[in-house]
Amino acid sequence: ISDEMQYPAGTGGWFAHAGSSPAESHNAAMADVREAPFVGGMLTAAENIARRYRSRKQEALDHKGNLPPRIEAQVSKSRSFAMDYIPSSLVTLSDDGSTAMVKSTTTAAQYKVTFSNVRNRRDGPQTPTACDKGCCVSEIVCAHVFAAARKKGVEIHTIMNLFDTTAGWQAQYAHSME
């Protein structure tokens, strides 16, 4: 069976790749819709979307950590590396506290962390990365930023973009209608 026949909702240009994970997820969520008459299917689709929204909202409002689970999973490796391998003695803060230099534990390299760039990470591709070696291009916060924040005495979530924190996640639902 072709993808167009098997995954009609996922192949109409809604997703980048037919049969990809988003298409599979959407197809699974809409299984009962495909079996219902058109109007019933549309109502079922609306109910599925509303149910998903309510469950995500409750998950966000109930979450107690400083970072949402998705973000926490992404930064945990960097945090562990910073704690285990970058001692505070290898980090030097600038006089005004806006930047930090983090020395490598294995080479002569130094990494310049600019704290304002951590917060501005989502301002677009023209925004400089928080770590001048480009570590934060593929990571939200690299180990050098964790080490610099520890040296500065601040919790990482206080210097991150609000969008990447639990407060930002919860704010998405603050003014929702139900």
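Details of the structure are given in the entry above.
Residues numbered from 1 in each chain as written. Predicted model: local features only at pLDDT ≥ 70, side-chain atom pairs only at ≥ 80, totals over all residues. Heavy atoms only, no water.

> Talk me through the overall build of the protein chain; I want residue IDs and the actual numbers.
Looking only at helices and strands, the protein chain features eight helices and three strands. When the elements of the protein chain are put in sequence order from the N terminus, they spell out α-α-α-α-α-β-β-β-α-α-α. Put simply, the protein chain has 178 residues, and 34% of those count as buried. Taking as baseline every contact in the protein chain between residues at least 6 positions apart, the subset at least 24 positions apart corresponds to 46%. Carbon and sulfur atoms form 56% of the exposed surface of the protein chain, whose accessible area is close to 11,000 Å². (Helix = DSSP H or I, 4+ residues; strand = E, 2+ residues; numbered from the N terminus. Buried < 20%, exposed > 50% of the residue type's maximum accessible area, 1.4 Å probe, protein only. Contact = heavy atoms within 4.5 Å. Areas by Shrake-Rupley, 256 points an atom, 1.4 Å probe, with all protein chains shown as cover.)

> Report on the nonpolar core, specifying residues and quantitative values.
Val 75, Val 102, Val 141, Val 145, Ile 156, Ile 159 and Met 160 are the most contacted members of the largest nonpolar core, which has 27 residues in total. Only helix H5 (69–85), strand E2 (99–103), strand E3 (110–114), helix H6 (115–119) and helix H7 (143–152) provide two or more residues apiece to this core. When residues of this core are assigned to their parent elements, the largest contribution, six residues, is made by H7. Sequence-distant contacts of Ile 159, that is, excluding residues within four places in its chain, are made with Phe 115, Val 118, Arg 119, Val 145, Ala 149 and Val 154. (Core = buried A, V, L, I, M, F, W, Y, C linked by side-chain atoms within 4.5 Å.)

> Could you give me a rundown of the pattern of salt bridges, with the residues and numbers involved?
The full count for this structure, using the stated rule, is two salt bridges. Between Arg 56 and Glu 59 there is a salt bridge whose closest N-O contact spans 2.8 Å. Of the two residues, Arg 56 and Glu 59 both sit in helix H4 (residues 38–62), three residues apart, roughly one turn of that helix. Arg 79 is paired through a salt bridge with Glu 72; the nearest N and O atoms lie 2.4 Å apart. (Salt bridge = Lys/Arg side-chain N within 4 Å of Asp/Glu carboxyl O.)

> Tell me about the side chain of Thr 165, and please be specific about residues and values.
By secondary structure assignment, the location of Thr 165 is in the loop between H7 and helix H8 (166–171). Overall, the relative accessible area of 5% leaves Thr 165 in the buried class. Setting aside residues no more than four positions away along its own chain, Thr 165 makes contact with Asn 66, Leu 67, Pro 68, His 157 and Met 160.

> Tell me about H7, and name the residues and values.
By the criterion of burial, H7 is predominantly enclosed, with seven of the ten residues buried. Of the residues making up H7, those classed as buried are Ala 143, His 144, Val 145, Phe 146, Ala 147, Ala 148 and Ala 149. Where H7 is buried, its residues contact H5, strand E1 (91–93), E2, E3 and H6. In the stretch just after H7, Gly 153 is the one whose phi turns positive, near 85 degrees.

> Tell me about the packing of aromatic side chains, and name the residues and values.
Tallied over the entire structure, the rule returns two aromatic pairs. An angle of 40 degrees between the planes, with centres 5.0 Å apart, marks the rings of Phe 81 and Tyr 85 as tilted. Remark: Tyr 85 and Phe 81 occur in helix H5; sequence separation between them is four residues, near one turn of the helix. Across the ring face of Phe 115, the terminal group of Lys 152 is positioned such that the distance to the ring centre comes to 4.3 Å. (Phe/Tyr/Trp six-rings, centres within 6.5 Å; stacked < 30°, edge-to-face > 60°. Lys NZ or Arg CZ within 6 Å of the ring centre and 35° of its normal.)

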